[in-house]
Each structure stands twice: as structure tokens, then as C-alpha cells.
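Here is how the chains run, residue by residue.
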Amino acid sequence: MGSDPTYTSPVKRIAVLGATGSIGRQALEIVDAHPDLEACALASGSNEIDSRGVEHVQVGGDLTALLEKAEPDVVLNAVVGFAGLPATLWALERGVTLALANKESLVAAGELALAAQERGGGLLLPVDSEHSALFQCLEGRSPETVHSLVLTASGGPFRGRSREELARVTRADALSHPTWRMGPKITVDSATLANKGLELIEARFLFGVPYERIEVVVHPTSVVHALVRFRDGAVLAHLGNPDMRVPISYALTYPERAATPVEPLDMSQGLSLEFEPPDLETFPLLALARRAGEKGGTYPCAYNAANEVAVQAFLAGHVPFLRIAEVVEETLAAVDGAPARDLEELVEADAEARRLAERTAGVLVT
Ligand SMILES: NC(=O)c1ccc[n+]([C@@H]2O[C@H](COP(=O)([O-])OP(=O)(O)OC[C@H]3O[C@@H](n4cnc5c(N)ncnc54)[C@H](OP(=O)(O)O)[C@@H]3O)[C@@H](O)[C@H]2O)c1
């Protein structure tokens, strides 16, 4: 199956999960442009899908049933939220190459996912631009040569704002991201810095580097996607115009690195790169993620669950922007965070965190 990077079948069959979303649509654009890629399955949550002649198409329901029927070489998981978990585990368990955009599944179920990958023996290729960049900078290096990882954050639309100012921001303000065009949940996560918190935990699971050696730095133009510091003093960075089609294409055509329509970076008119430390007090969700990750067990799962509930409540107009972080913090203080021995226990930890977060937010979001 698709787990072997030397796989020589003329056509790679891709299951695009989350086909109606921002990543899913860009993935289909990449598939259409590449003669050796073919969509074999498409899935969405509730929106109608243009089937485009693809045989296996599913709206809602059990994604693993779709995958069983479609037998893809690559699963592109671009579902948003914890709902992406069964597909992540399905691919990893079977050694089917997983191109993972759905960071929430790895954050919530990191240990279970890595154990499944160990059993399945397949490839886990990150689609998140920062993690794709880290993957590329790290490729072929032995772990002991790595000093630390650096994730860049755009800082979102509210970079430089005070808490007083954030108390008044609206849904529309939060949804206007300066550098990336993305689905609503991740756009709000970028505004609160929860996205970078999720990415921090994602990086820990993907690359096995401890939290104290993963740094987050604000870089407003999103030209540098990530950096790796090595023990000899060298730093490798991954640069490019911010366009998700690059990491999507990299994951779908790995290890080939196919051409994309994205213009290479032009430095002829000059290019300044600015970095600054994140404001952890104004945007507490980044530090809360680090703490949840360090505590381990099901704390990352609870962080993700509470954040999903709080973001949904914010998008529905039930809670103000600053309440998102408070809901997550109060939920994390209330859960026991005990490790999950299996998927059933993990799903229960997720459900419990959601119940607590809904109560804390003062809303029932379903
Ligand atoms: N957008 C980016 O630039 C970007 C960058 C890095 C990482 N990511 C990650 O990629 C994932 C997708 O982000 P996005 O921005 O593409 O989100 P999006 O535009 O909101 O799309 C989400 C997709 O997931 C589908 N979906 C939701 N619940 C589902 C379910 N229960 N079963 C099957 N499909 C379901 C949606 O279907 P409906 O249309 O029916 O709701 C939609 O196709 C997220 O985990 C995000 O963090 C995104």
C-alpha cells in the first residue's frame, strides 16, 4: 500500500477527507494538476460534495467505512477537529500513508496515534505548513544533532493588541487573518494563539523533541515557516510564500516534490524578516497548551476539546473572545488528565472535557 516511499504505481489514489473545506479544496486542485494523483474518495461533514466522477463520496457518517471501501494509497485528513480521529487511526494502523492536516487528532490522541503508526509501519506526513517545514529541515538528520525546533506564528489579526482591546473584538474581526485564508475554526485559533499551542503539541508528537526544546516565535509575514537549530550552531529554515498548496503538494507527492503553481519567493526587491517573542499574557492559550502538553496524559485531549467547544460558542455569538481562553483554563483545572489506555478511554476523556467546557461556557453546543 501507500506506506512505501518507493511505491511505484503510476497513480496514487488519494482519499480527501474534508473535501469541501479550505485544505480539501486546495488538495483537489493539486490532485487535478498532477497526472499521477487521483481522488478515490471524498468526504465532508454536512455540506454537499461535487463528486467530480469520484466513486466513493460520503457526507457525514463513519469515515473509516468509506476508507475501507475506497482502499486509498494516501489518506489526506483535512477534517476539522476531533472528528478526524478515526480516520487518522485507521490510516496509521494499516500503514496507509497519512497526509495529516487534522492536527486536533494528533494533539488529542498522540500516544495512541504513535502506537498505531508503530504497528502499521506507514508514513505520517504533516500538512501543517510549520510541521512540513520542520519535517523537511529534519529529513536525513539524526536526532542527536538537533538542538531545538522553532515554530513561527503570524501572531494573527490581534498581534500587538491589549486585553482591553481584545474584550471588544467581534467574530468578524477574529475571522480576518492577515496572511492565511483558512476555515473558521483554525482562523479563530490563530487569533487566540491556540493554533500555535496545538502545533506545539503536534510537533512534540511528530518529532519526539521535548517541549523545552520547542520554541514559538512571532513572525508576522509567515515567510519563514519553521527553523531547526542544530548542535553545531547551524540553523536551517524553510521559507516560501505562504500558500498551503506547497505543503499539501509535498505530502501528496512525497518524496517527489512536484511542481506547483505557487511562485517561488522573490527577494529582488529586498526582503526583511522580523521576529518577536509571543505575548503569552495577552494570549494565554499558547502557555496553557505548553502546560497541558508537559503534563501529558489526557490533558492535551482536554485542551483540544475545551478549545473546540469555546471556539464554537464564540463563533455562535454565545461568548466573547476573551472567554475562549478562560473556558479552556477552567476546564483543564477541572479534569483529572489521567492517561487513556485505549481509544474508548480517550473518547470518554474528550466527552468529559466537552461537558465541563460547555458548563463553563454557560452554553450547550451541539
Ligand atoms: N486551512 C488551512 O490553511 C490549514 C492550515 C494548516 C492546518 N489546517 C488544519 O486542517 C484541518 C481543516 O482545516 P480547514 O481550514 O480546511 O477547515 P474548513 O475549511 O472548516 O473545512 C473542514 C472540513 O472538514 C469537514 N468536516 C467537518 N466535520 C466533519 C465530519 N464529522 N466528518 C467529515 N468531514 C467533516 C467539513 O465538511 P463540511 O463542509 O460539510 O462542514 C470540511 O470539508 C484543521 O484541522 C486545521 O487545523 C488548516
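Residues numbered from 1 in each chain as written. Predicted model: local features only at pLDDT ≥ 70, side-chain atom pairs only at ≥ 80, totals over all residues. Heavy atoms only, no water.

Here the focus is the sheet that holds strand β3 (residues 56–59). If you trace the 6 strands from one edge of the open sheet to the other, you get β3-β2-β1-β4-β5-β6, paired in parallel fashion. Two strands in the sheet have a free side with no partner beyond their single neighbour: β3 and β6 (124–126). If you compare each strand with its neighbour and ignore which way they point, the axes differ by 20 degrees on average. With 3 bridges connecting them, strand β5 (residues 97–100) and β6 associate as parallel partners. (Pairing = 2+ DSSP bridges. Helix = DSSP H or I, 4+ residues; strand = E, 2+ residues; numbered from the N terminus. Axes fitted to C-alpha atoms, helices over the stretch in contact; angles between N-to-C directions.)

By secondary structure assignment, the location of Ala19 is in the loop between β1 (12–17) and α1 (22–33). Using a relative accessible area of 5% as the deciding quantity, one classes Ala19 as buried. The spacing of Ala19 and Ser44 is 25 residues in sequence and 5.8 Å in space, taken between C-alpha atoms. Contacts of Ala19, omitting those with residues within four sequence positions, involve Gly24, Arg25, Leu28, Leu42 and Ala43. (Buried < 20%, exposed > 50% of the residue type's maximum accessible area, 1.4 Å probe, protein only. Contact = heavy atoms within 4.5 Å.)

The next thing to look at is the environment of Asp173. Locating Asp173 in the fold gives a position in helix α8 (residues 171–174). On the basis of relative accessibility, which here comes to 31%, the residue Asp173 falls in the partly exposed class. When the C-alpha atoms of Asp173 and Ala292 are compared, they prove to be 28 Å apart, with 119 residues separating the residues in sequence.

All told, the structure shown has 21 salt bridges when counted by the stated rule. Of the charged contacts in the structure, one is a salt bridge between Arg323 and Glu326, with a shortest N-O distance of 2.7 Å. Taken together, the residues span about one helical turn, with Arg323 and Glu326 both in helix α14 (residues 323–334) at a distance of 3 residues. Look at Glu326 and you get partly exposed, because its relative accessible area is 31%. Between Glu352 and Arg355 there is a salt bridge; the shortest N-O distance is 3.0 Å. (Salt bridge = Lys/Arg side-chain N within 4 Å of Asp/Glu carboxyl O.)

With omega at 5 degrees, the peptide bond leading from Tyr254 into Pro255 counts as cis. With respect to the secondary-structure elements, Pro255 resides in the loop between α11 (245–253) and α12 (285–295). In this structure, Arg52 takes a positive phi of about 55 degrees despite not being glycine. The backbone of Leu193 sits at a positive phi, close to 75 degrees, despite the residue not being glycine. Topologically, Leu193 is positioned in the loop between α9 (184–192) and α10 (194–207).

By themselves, these figures tell us nothing about what the structure is for.
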